[in-house]
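# An overview of the molecular structure
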Amino acid sequence: MSTARLQAFSDAVIITIMVLELKAPNEPSLRGLLAVAPGFLSYVLSFVALTLMWVGHHYLLHPVRLVDRPLLWANSNLLFWMSLVPFAAAYLGHNPAEPFAVALYSVVLVCDMGSFALLRHVVFRQPVHNQDRSRYHAAVQRQNLIATAVYLLAAPLAYVSLYLSYAILVVIPLFYIMPGYWRVKRH
């Protein structure tokens, strides 16, 4: 299988799961808009998270020359966990003040990030002839594992402070959006 086919399949799955359910307010007023705000905000948060994973997925798979069984399974594992983001986002949108909803959303992101780390490991167990690229991906892997640990912290923290958990859920994607995030040079 070519990497183009794997990327096309992955893109189709990711784009499909990014179509999260958004419901219009029942009444055409500011009050009606505020009533659906939690769902909209969970949609925005999830869209940003899925877009970051999609961009990272593209950069990760672009240099791959060999699509083997471990790569297919690791990629499918990532796509599975990404497919749960819309469910977790909807649940969070309907229950924004419930610690369990925030914890569940955090755990789904932990599984996404862990699956992405597994995929990166599988990709870079293949022979790489560029030492700069290997160092770059090792540094990104460390950053992703740190982000995964912080997302994991957000789950139990939801039972102590929803505000701190939400802060984690917002701040982690901001690190990835910022240019030159975490001072790792791309090669």
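Structure report, in brief. (Residues numbered from 1 in each chain as written. Predicted model: local features only at pLDDT ≥ 70, side-chain atom pairs only at ≥ 80, totals over all residues. Heavy atoms only, no water.)

Once that is clear, we can look at the packing of aromatic side chains. Evaluated as defined, the whole model comprises 4 aromatic pairs. Ring geometry for Phe80 versus Trp81: centroids 5.1 Å apart, planes at 75°, classification edge-to-face. Overall, the relative accessible area of 44% leaves Phe80 in the partly exposed class. Their ring planes at 90° and their centres at 6.2 Å tell us that Tyr91 and Phe100 sit as a pair that is edge-to-face. A network of ring pairs unites the aromatic residues Phe87, Tyr91 and Phe100 as a single cluster. (Phe/Tyr/Trp six-rings, centres within 6.5 Å; stacked < 30°, edge-to-face > 60°. Buried < 20%, exposed > 50% of the residue type's maximum accessible area, 1.4 Å probe, protein only.)

Turn by turn, an α-helix covers 3.6 residues, leaving residues three or four places apart pointing in a common direction. Taking 1.5 Å as the rise per residue, helix α2 (residues 30-61) with 32 residues should run 46 Å; its terminal C-alpha atoms sit 44 Å apart, in good agreement. The largest bend along α2 reaches roughly 50° and is located at Ala37, with the proline Pro38 sitting one to four residues downstream. For α2, the full list of buried residues reads Gly32, Ser42, Tyr43, Leu45, Ser46, Ala49, Leu50, Met53, Gly56, His57, Leu60 and Leu61. (Helix = DSSP H or I, 4+ residues; strand = E, 2+ residues; numbered from the N terminus. Expected span 1.5 Å × (residues − 1). Bend = angle between axes of the 7 residues up to and from the residue.)

Attention now moves to the packing of helix α6 (residues 131-157) against helix α7 (residues 162-177). Put simply, α6 and α7 touch, their axes get as near as 8 Å, and they point 165° apart. The pairing of α6 with α7 is recorded here as roughly antiparallel in orientation. Once α6 is placed against α7, the crossing between them reads as left-handed. Contact residues: α6 offers Gln143, Asn144, Ala147, Val150, Tyr151, Leu153, Ala154 and Leu157, while α7 offers Leu164, Ser165, Ile168, Leu169, Ile172, Pro173 and Tyr176. Partitioning the contact of α6 with α7 into residue classes produces 12 nonpolar, 3 polar and no charged. (Axes fitted to C-alpha atoms, helices over the stretch in contact; angles between N-to-C directions. Parallel < 35°, antiparallel > 145°, perpendicular 65-115°, else oblique. Left-handed = near helix turned anticlockwise from the far one by under 90°. Contact = heavy atoms within 4.5 Å. Nonpolar A, V, L, I, M, F, W, Y, C, P; charged D, E, K, R; others polar.)

We now examine the pattern of salt bridges. Under the definition given, this model contains 1 salt bridge. With its nearest N and O atoms 2.5 Å apart, the salt bridge here joins Asp68 to Arg125. Here Arg125 lies in the loop between α5 (99-123) and α6 and Asp68 lies in the loop between α2 and α3 (69-83), a separation of 57 residues in the sequence. The partly exposed category is assigned to Arg125, whose relative accessible area is 39%. (Salt bridge = Lys/Arg side-chain N within 4 Å of Asp/Glu carboxyl O.)

Once that is clear, we can look at the nonpolar core. A general feature of soluble globular proteins is that nonpolar side chains tend to end up buried together. Of all hydrophobic cores here, the largest spans 38 residues; its most connected members are Leu71, Tyr105, Leu109, Leu119, Val123, Tyr151 and Leu169. Listing elements by their share of this core, those giving two or more residues are α2, α3, α4 (85-94), α5, α6 and α7. Residues in contact with Tyr151, not counting those within four places in the same chain, are Ser106, Leu109, Val110, Met113, Ile168, Leu169, Ile172 and Pro173. (Core = buried A, V, L, I, M, F, W, Y, C linked by side-chain atoms within 4.5 Å.)

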